[in-house]
Amino acid sequence: KLMEKIYKNQIREFINFLVPINTNDWEEFSNRLYYKKFQKNDILLQAGEVENYMYFMVSGISRIFQQKNDIEYTLRFDFPISVFNSYASFISQKPSLINVQALSDLKAFRMSYADMQSLYDVSKNADRVGRRMLELLYLQREMKELQLHSKTAEDYYCELIKDNAQLTEQIPQKYLASYLGITPESLSRIKKKINDCNN
């Protein structure tokens, strides 16, 4: 319970970073957050299902991926402290085109679609928080698309490990390579080159 309280305070700091909220608004928000643990490789959402939750990660790594012709394409990794889910499915309440996976043991709070809608009715700042979260998520997506077209895989990999050095060590190489749009062999060469340069 103590750790849950600490984790929830981290979420409050994250929300306040997006939109400053008063105590009453936070209480309404907090009362709709439910603590949940996931094990490594758990599938939180499978393509074809409707996304019913917004997740607020406090520990672990998640992976968003799409599967086509038995090949997995990694679209995004999320690290603490962050918000993640299948946004398009959550907003539209239509079947998701992507999968959401716990890439490691993962701890998060989640809020259901119904609870978020009810929150909008009682909190004047809730809709601002929701909008800011979506703006942040789409900004991250657009920045990744721009970076992948304007930077080399090596540059992008260096940025990734610089921002999340310890956590990226937990990501299997095949997923990192898929995320960067290269083969595992190419990623091995990049990692060797970087190690050689650092030695």
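Our subject in this report is the structure included herewith. Quick caveat, the model's predicted, so the values are computed rather than measured. In this numbering scheme, every chain counts its residues from 1 along its sequence in written order. Confidence filtering applies because this is a predicted model: local features only for residues at pLDDT of at least 70, side-chain atom pairs given and counted only at 80 or more, and all residues used for totals across whole chains, interfaces and linings. The side-chain quantities take in all heavy atoms of the structure and omit both hydrogens and water.

## Here we look at the nonpolar core
Next up, step 1: The nonpolar core is taken to be a set of buried Ala, Val, Leu, Ile, Met, Phe, Trp, Tyr and Cys residues, with the residues joined through side-chain atoms within 4.5 Å. For every residue, the accessible area obtained with a 1.4 Å probe (protein chains only) is divided by the maximum for its type, and the residue is called buried under 20%, exposed over 50%, and partly exposed between those limits. With 22 residues, the main nonpolar core has I11, I15, F29, L33 and F56 as its most contacted residues.
Next up, step 2: Helix and strand definitions here come from DSSP, where helices need a minimum of 4 consecutive H or I residues and strands a minimum of 2 consecutive E residues; each element is numbered from the N-terminal end. At the level of secondary structure, the elements contributing two or more residues to this core comprise α1 (2-18), α2 (23-30), β3 (53-59), β8 (106-112), α4 (113-122) and α5 (126-150).
Next up, step 3: When residues of this core are assigned to their parent elements, the largest contribution, five residues, is made by α1.
Next up, step 4: Two residues qualify as a contact provided that any one of their heavy atoms is within 4.5 Å of a heavy atom in the partner residue. In this structure, F56 is in contact with I11, I15, F29, L33, S82, V83, A108, F109, M111 and M133, ignoring residues within four places of it in sequence.
Next up, step 5: If you look at the next biggest cluster of nonpolar residues, it comprises 16 residues, including F77, Y156, Y157 and Y179.

## Let's talk about α1
For an α-helix the count is 3.6 residues per turn, leaving residues at separations of three or four pointing the same way.
Next up, step 1: The end-to-end C-alpha separation of α1 is 25 Å, in line with the 24 Å expected for 17 residues at 1.5 Å each.
Next up, step 2: All buried positions along α1 are accounted for by Y7, I11, F14, I15 and L18. In a view along the axis of α1, the buried residues occupy a sector of 100°, so they form one face of it. Residues of α1 that are exposed and point over 90 degrees away from its buried face: L2, K5, E13 and F17. By definition here, a helix of n residues has an expected span of 1.5 Å times n minus one. This arc is taken over the directions from the axis of the helix to the C-beta atoms.

## Overview of the environment of S89
Next up, step 1: Structurally, S89 can be placed in helix α3 (residues 87-92).
Next up, step 2: What makes S89 buried here is its relative accessible area of 1%.
Next up, step 3: Placed 41 residues apart in sequence, S89 and G48 show a C-alpha to C-alpha distance of 9.6 Å.
Next up, step 4: Residues in contact with S89, not counting those within four places in the same chain, are E49, V50, E51, K94, P95 and S96.

## Thoughts on the packing of aromatic side chains
Next up, step 1: Under the pairing criterion, centres of Phe, Tyr and Trp rings, with the six-membered ring standing for Trp, must be within 6.5 Å; the plane angle then separates stacked pairs below 30 degrees from edge-to-face pairs above 60, leaving the rest tilted. In this structure the tally under the stated criterion is nine aromatic pairs.
Next up, step 2: A centroid spacing of 5.4 Å and a plane angle of 80° characterise the contact between F90 and Y113, whose relative ring orientation is edge-to-face. Residue F90 is located in helix α3, and its partner Y113 is located in helix α4; the two are separated by 23 residues in the primary sequence.
Next up, step 3: The exposure class of F90 is buried, given its relative accessible area of 4%.
Next up, step 4: Taken together through their ring pairs, the aromatic side chains of F38, Y53, Y55 and F84 make up a single cluster.
Next up, step 5: Just above the ring of F65 sits the side chain of R63; from NZ or CZ to the centre is 4.0 Å. Counting as a charge over the ring demands two things of the Lys NZ or Arg CZ atom: a distance within 6 Å of the ring centre and an angle within 35 degrees of the ring normal.

## Section: the pairing of β3
Next up, step 1: Counting buried residues in β3 gives five out of seven residues, a clear majority hidden from the surface.
Next up, step 2: Both β3 and β8 contribute to a ladder of six bridges, which runs antiparallel. In the strand pairing of β8, M54 is matched with M111. Only when DSSP finds a minimum of two bridges between them are two strands counted as paired.

## Overview of the sheet that holds strand β7 (residues 99-102)
Next up, step 1: Ordered in space as β2-β7-β4-β5, the four strands form an open sheet in which the pairing is antiparallel. Looking at which strands have only one partner, the edges of the open sheet turn out to be β2 (43-45) and β5 (71-78). Direction aside, neighbouring strands of the sheet carry axes that sit 35° apart on average.
Next up, step 2: Pairing geometry for strand β4 (residues 62-68) and β7, over four bridges, is antiparallel. Bridging across to β7, F65 finds its partner in N99.
Next up, step 3: In this description, a line fitted to the C-alpha atoms serves as the axis of each element, helices being fitted only across the stretch in contact, and the angle between N-to-C directions of two axes falls anywhere from 0 to 180 degrees. Along the sheet, helix α8 (residues 173-180) makes contact with β4 and β5, crossing β5 at roughly 90°.

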